[in-house]
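Tertiary structure, described
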Amino acid sequence: MKVFIPAGRGAEPLDPANFTGLGTLVRMVGVCENPAINAYTVSFEPGTRTAWHTHTGTQLLLVTAGTCRFQEEGEPVQEATAGSIVSIGPGELHWHGATPDAPATHVALNIEATTDWFEKVTDGQYGG
Ligand code: MN
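Residues numbered from 1 in each chain as written. Predicted model: local features only at pLDDT ≥ 70, side-chain atom pairs only at ≥ 80, totals over all residues. Heavy atoms only, no water.

Looking at the overall build of the protein chain
- For the protein chain, the helix and strand inventory stands at one helix and 13 strands.
- When its helices and strands are written in sequence order, the protein chain yields β-β-β-β-β-β-β-β-β-β-β-β-β-α.
- Relative to its length of 128 residues, the protein chain is compact, with a C-alpha radius of gyration of 14 Å against a globular reference of 14 Å.
- Once the C-alpha set of the protein chain is aligned to its principal axes, its extents read approximately 45 × 30 × 30 Å.
- Summarising the internal contacts of the protein chain: among those between residues at least 6 apart in sequence, 71% fall at separations of at least 24.
- If you sum the accessible surface of the protein chain, you get close to 6800 Å²; carbon and sulfur atoms cover 56% of it.
- With 6 positive and 14 negative side-chain charges, the protein chain shows a spacing of 9 Å between the two charge centroids. (Helix = DSSP H or I, 4+ residues; strand = E, 2+ residues; numbered from the N terminus. Rg over C-alpha atoms; globule rule 2.2 N^0.38 Å. Contact = heavy atoms within 4.5 Å. Areas by Shrake-Rupley, 256 points an atom, 1.4 Å probe, with all protein chains shown as cover. Lys, Arg positive; Asp, Glu negative; His and termini not counted. Charge placed at Lys NZ, Arg CZ, Asp CG, Glu CD.)

Regarding the side chain of H106
- Take H106: it is sitting in strand 12 (residues 104–111).
- Relative accessible area serves as the criterion here: at 1%, H106 is assigned to the buried category.
- Side chain to side chain, H106 and H96 meet in a polar contact 3.0 Å long.
- In this structure, H106 is in contact with Y40, T41, V42, F44, L61, L62, V63, T64, C68 and H96, ignoring residues within four places of it in sequence. (Buried < 20%, exposed > 50% of the residue type's maximum accessible area, 1.4 Å probe, protein only. Polar contact = N/O pair within 3.5 Å; in protein donor to acceptor, adjacent residues only side chain to side chain.)

Let's talk about the coordination of the manganese ion
- Protein-derived coordination of the manganese ion comes from H53 (NE2), H55 (NE2), Q59 (OE1), H94 (NE2) and H96 (NE2), at a distance range of 2.1 to 2.2 Å.
- Sequence positions of the residues that donate to the manganese ion give the spacing H-x1-H-x3-Q-x34-H-x1-H. (Donors = N, O, S within 2.8 Å, 3.2 Å for Na, K, Ca; no water.)

Focus on the side chain of T50
- In this fold, T50 is placed in strand 5 (residues 49–50).
- T50 sits in the buried class, given a relative accessible area of 2%.
- Residues contacting T50, with those up to four places away along its chain left out, are N18, F19, F44, W95, H96, W117 and V121.

With respect to the sheet that holds strand 12
- Spatial ordering of the open sheet is given by 1-3-4-12-7-10, a layout of six strands whose pairing is antiparallel. Two strands lie at the open edges of the sheet, namely strand 1 (12–13) and strand 10 (85–88), each paired on one side alone.
- Note that strand 7 (residues 58–65) and strand 12 share seven bridges and pair antiparallel. Pairing of A65 across the sheet is with T105, part of strand 12. (Pairing = 2+ DSSP bridges.)

Here's the deal with the nonpolar core
- Counting 15 residues, the largest nonpolar core has L14, V42, F44, L61, A80 and V86 as its most contacted members.
- Only strand 4 (37–44), strand 7, strand 8 (67–72), strand 10 and strand 12 provide two or more residues apiece to this core.
- For V86, the residues in contact, after removing those within four places along its chain, are Q59, L60, L61, F70 and A80.
- Judged by nonpolar contacts, the second largest core, of five residues, contains W52, L93, W95 and Y126. (Core = buried A, V, L, I, M, F, W, Y, C linked by side-chain atoms within 4.5 Å.)

Dropping the structure here:
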C-alpha cells in the first residue's frame, strides 16, 4: 500500500499548447504497478480548460475540489461537483476544466489511454 499526495511531487504549469488559462499538473508517477494506468492531478484556475481532445482508452475524471465543467462533442456543456466521476470513453472528443468563477481540481485516471489534442475551446463553446 502506498499513498500518493500531490504536494511535493512537482507541479508543472499547464501547457499553453493544450490548455486555455492557468493551472498546474502533477504526475502521480508509479501510482499503479500496471504502467498503462496513469494518474494526474490537474488544478484549474477559474475559466481554465483543456483544448478539445480524445483518449485512446478510458479516462476517469475524479472531481476532488470545486466544480468541473466539461463537454462531449455534440452534447451540452455539463458540470460536476467534487466527489463526482466523469467517465470518458475511447475516442470521445471532449474537453474539461473549471467553471468561469471558481477554481477546480480533478484527478485524471487514464487507463491504457494516450491523448490526441485538437483545437482550443472557444469562449463561446466554453460558455455553453
Ligand atoms: Mn480528457
